[in-house]
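Descriptive structure summary
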Amino acid sequence: MINLDHLNAQQRAAVTAPLGQVLVLAGPGSGKTRVLTQRIAFLIEAMGVRPHNILAVTFTNKAAREMQHRLQSLLGDAAEGVWLGTFHANCARILRREAQYLSFDNNFVIMDSDDQQALVKRAIRELNLDEKLYRPTSIHAAISTAKNNLITPADFPTQSYRDEITKRIYERYQSLLRDSNAVDFDDLLLETVRLLVDNPQVRERYARRFEHILVDEFQDTNLVQYELLKLLASIHGNLFVVGDEDQSIYRWRGADYRNVLRFEEDYPACQKILLEQNYRSTQTVLDAARAVIDRNKHRTRKHLFSERGSGERLVLYEAVDEHAEAAFVVDTIQQWINSGKARGSDFAVMYRTNAQSRLLEEAFLRAGLPYRLVGALRFYGRREVKDLICFLRLVHNPDDEVSLARVINVPPRGVGEKTMVALQLTARQANMTAGQLLIELGEKGEQSPHWGRFSGRSILPLTDFGSLLAGWRRAVADGLSLPGLFDRILLDTAYQEYIDDGSNEGKERWDNVQELRRLAYEFREGGLTAFLENLALVSDQDTLPEEAGNAATLLTLHAAKGLEFRFVFIIGLDEGLLPHARSKDDPEEMAEERRLLYVGITRAKDRVYLVRAHQRSQYGGPEIQEPSRFLEDLPESLIQRQGQRRQRERWESPESRALRTRLFTPSHQQTSAALVEPRFHPTDRVRHPVWGEGIVMESRIQDGDETVDVFFESVGFKRLVASLANLEILPKS
DNA sequence: CATTATCTTTTTTTT
DNA sequence: AAAGATAATG
């Protein structure tokens with residue numbers, strides 16, 4: 001049974017809001033996930049809505065799982081039947097059901113970003129265009145933006161010659177997709193909208209079904225998603241959306257926080273509820289976050305408050321280079337853990353770009369500290385994993401040209417560029433897809449009318465591969481299980497010999513293959529279709545083990561949204577990195593970088609460490625870094641500097657330095673003393689909360705803090721930072 | 001014609 | 001520093 005007593009007034013108002021449109025603007029840490037789940041529970045239990053009639057949309061699978069989990073514990077089996085998932089997953093579900101109305105069949109594959117890139121490239125090549133002039137990345141971005149704004153190739157605006165070309169690539173790309181019986185991420189949304197617009201009876205069926213629609217992270221919806229919601233809510237009009245303009249960080253993906261304003265315009269009767277009490281962070285953390293975000297214009301100002309007390313200042317550390325940056329992070333975490341005041345899982349290290357994780361990983365490994373890495377060295381992006389996925393995709397849908405191109409020569413069987421071109425040409429002439437042609441060659445061999453079209457050198461490998469493919473498909477048709485198929489592919493291609501050359505790296509690659517096999521085993525019930533859909537839609541962000549023991553978390557600022565940690569490190573606070581260099585020409589993008597930092601800071605419950613490096617090896621040689629402009633927005637009263645002084649302070653007058661020192665005296669008594677002279681001396685007897693009694697061997701001032709070497713009776717020699725270690729000096733006996 | 005060696009270019013964030 | 005494209009080689 002749900003219990004509304006532990007909700008505050010605003011939260012309760014949201015959970016129990018009457019029917020119609022509800023817009024909840026929820027600051028960080030204000031319990032928005034809770035409101036969302038309680039609302040669903042309220043609808044089911046108090047309003048008697050059947051779960052079947054509820055659609056709940058999240059942005060990540062992680063968020064969807066989290067909500068599923070909470071609903072389960074709130075309602076038990078009564079929660080069964082709610083349509084809960086990401087926009088993309090829900091759309092894929094609809095498209096598979098309604099394939100009869102669409103231009104592709106229901107065993108369509110979903111192209112991931114690598115595949116999309118490959119297709120764009122192919123489209124450019126087929127049109128004989130210069131790849132230097134029309135970079136696949138930038139063309140793909142243009143296509144994606146168009147799709148996110150409901151623009152089909154036919155509607156693509158052509159104001160310049162380049163637009164003209166882009167339009168032609170877009171058209172070509174789209175037909176390549178359809179020839180492969182495939183859709184890309186953007187199509188999932190776009191095609192669903194088109195389905196609902198073009199087929200009133202289908203629209204009515206879904207709109208009637210979804211009596212209640214709830215949306216999380218509404219500020220990150222794009223135009224297609226907004227239209228989709230409108231269509232789905234067109235009968236009942238019960239739209240409950242939760243969001244925070246200040247946390248909108250997916251502009252580059254078409255997200256438009258102005259959908260919040262649009263919502264208020266489109267639904268003038270909507271109720272607006274603000275959640276302003278923060279249950280996560282200390283007031284100091286909130287003040288700092290606010291100092292950063294208040295510089296942004298065009299936003300609903302919220303007055304976040306916390307009852308958790310003022311808390312400690314944010315620490316700013318300026319390292320000499322990126323190695324020292326990583327070392328500072330790891331050392332500090334280690335000291336906290338050694339002091340017994342924190343455990344590994346209390347920490348998160350956040351960064352702007354995935355590339356920054358590598359040095360951190362190395363530092364963690366060297367220190368022997370466990371960590372879990374979100375995303376980055378993407379499991380699904382790894383060569384061997386992608387190879388096998390493509391084999392499976394090809395069995396599922398032989399028309400998939402991208403997969404075919406990828407694996408036809410894996411392991412090398414003598415099929416190169418020329419052979420591929422010949423294959424494609426012959427296939428087109430025969431009005432078949434390359435995959436179909438291969439299968440025919442494989443099945444009929446010399447009997448095939450196409451046999452003679454190929455040179456003696458290329459026909460054998462092609463026939464070879466074709467019969468493998470045909471064999472796998474037959475086996476699946478005869479009821480071979482998914483894990484069975486997986487093993488058969490490995491066996492037939494001698495994949496292990498190919499991938500595992502005996503080196504450490506080879507071993508690791510083979511382990512990845514085994515890991516994928518384990519996943520396939522989990523999907524043995526759902527079969528190939530469910531497995532592939534899951535692989536396409538479940539991001540790497542979701543790959544990490546839920547509770548990876550006692551490990552610190554390493555993740556991008558984007559991936560951090562929705563999470564919380566006691567201690568948050570944000571590294572790379574340099575111009576060019578955060579804000580990222582690519583944002584500096586566009587004020588809107590600059591505002592988004594600011595929101596990114598805001599999201600990072602507000603993840604912290606207790607402490608925030610902001611870290612930067614004077615010098616960084618960006619690409620090739622080392623480069624001098626300027627401090628991030630965002631640092632200047634933080635009032636000095638909220639900041640405690642650690643480590644090296646900033647250069648300009650060297651030229652400071654003694655008076656102003658004295659004043660500064662007084663002003664910045666940290667709240668810890670020990671630390672302030674330590675800045676001047678050591679508090680501990682050799683031969684002092686000390687007590688540590690975890691390791692008990694020991695003797696000070698040496699003590700020195702280092703990086704503005706006191707480092708003490710202590711010999712403990714229990715664990716022997718340890719190096720500690722005085723301000724963190726909580727050492728107690730014992731009277732000399 | 002496929003594979004290998006050398007040179008060039010390139011860096012955001014993710015469903 | 002790594003991936004991708006181009007040139008040389010077998």
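One structure accompanies this document, and this report is about it. These figures come from a predicted structure and were not determined experimentally.

1. Digging into the pairing of strand E7 (residues 239-243)
Most of E7 is tucked away, with five of its five residues classed as buried. Residue alternation in E7 divides its side chains into two sets, Leu-239, Val-241 and Gly-243 and Phe-240 and Val-242, and both sets are buried. One ladder, built from four bridges, connects strand E1 (residues 22-26) with E7; its direction is parallel. Directly across from Val-24, in E7, lies its bridge partner Val-242. Both strand E6 (residues 212-215) and E7 contribute to a ladder of three bridges, which runs parallel. Within E7, the residue paired with Leu-214 across the bridge is Phe-240. The handedness of the E6 to E7 crossover, carried by helix H10 (residues 223-232), is right-handed.

2. Section: the packing of aromatic side chains
Aromatic ring pairs are defined here through the distance separating the ring centres and the angle between the ring planes. Within the structure shown, the criterion is met by 20 aromatic pairs. With a centroid separation of 5.5 Å and an interplanar angle of 50°, the aromatic rings of Phe-523 and Phe-531 are classed as tilted. Linked through ring pairs, Tyr-317, Phe-328, Trp-336, Phe-347, Phe-567, Phe-569 and Tyr-609 together constitute an aromatic cluster. Over the face of the ring belonging to Trp-83 we find Arg-93, whose NZ or CZ atom lies 3.7 Å from the ring centre. Against the face of Phe-108 rests Arg-96, its NZ or CZ located 4.0 Å from the ring centre.

3. Structural notes on the protein's contact with DNA strand C
What surrounds DNA strand C is the set Lys-121, Glu-131 and Arg-358. Here a phosphate oxygen of DNA strand C sits 3.1 Å away from a polar atom, N or O, in the side chain of Lys-121.

4. Some details on the pattern of salt bridges
For the structure on display, the rule yields 55 salt bridges. A salt bridge links Asp-294 to Arg-290, with the nearest nitrogen and oxygen atoms 3.2 Å apart. The partly exposed category is assigned to Asp-294, whose relative accessible area is 22%. Here Arg-488 and Asp-492 are joined by a salt bridge, their closest N and O atoms 3.3 Å apart. Of this pair, Arg-488 and Asp-492 both sit in helix H20 (residues 482-492), separated by four residues, roughly a single helical turn. What makes Arg-488 partly exposed here is its relative accessible area of 33%. Look at Asp-492 and you get partly exposed, because its relative accessible area is 32%. Members of the salt-bridge network, linked through shared partners, are Glu-318, Glu-325, Asp-574, Arg-612, Arg-616, Glu-636 and Arg-641.

5. A look at the nonpolar core
One finds Leu-388, Phe-391, Leu-392, Ile-408, Leu-423, Leu-516 and Phe-531 to be the most contacted residues of the largest nonpolar core, which totals 47 residues. Excluding its chain neighbours within four sequence positions, the residues that come into contact with Leu-392 are Leu-482, Leu-485, Phe-486, Ile-489, Leu-528, Phe-531 and Leu-532. Listed in part, the 42 residues of the second largest apolar core include Phe-108, Phe-210, Leu-229 and Val-241.

Conventions used here
- Residues numbered from 1 in each chain as written.
- Chains lettered and ligands numbered in written order.
- Predicted model: local features only at pLDDT ≥ 70, side-chain atom pairs only at ≥ 80, totals over all residues.
- Heavy atoms only, no water.
- Buried < 20%, exposed > 50% of the residue type's maximum accessible area, 1.4 Å probe, protein only.
- Helix = DSSP H or I, 4+ residues; strand = E, 2+ residues; numbered from the N terminus.
- Pairing = 2+ DSSP bridges.
- Right-handed = clockwise from strand over helix to strand, strands pointing away.
- Phe/Tyr/Trp six-rings, centres within 6.5 Å; stacked < 30°, edge-to-face > 60°.
- Lys NZ or Arg CZ within 6 Å of the ring centre and 35° of its normal.
- Near = heavy atom within 4 Å.
- Polar contact = N/O pair within 3.5 Å; in protein donor to acceptor, adjacent residues only side chain to side chain.
- Salt bridge = Lys/Arg side-chain N within 4 Å of Asp/Glu carboxyl O.
- Core = buried A, V, L, I, M, F, W, Y, C linked by side-chain atoms within 4.5 Å.
- Contact = heavy atoms within 4.5 Å.

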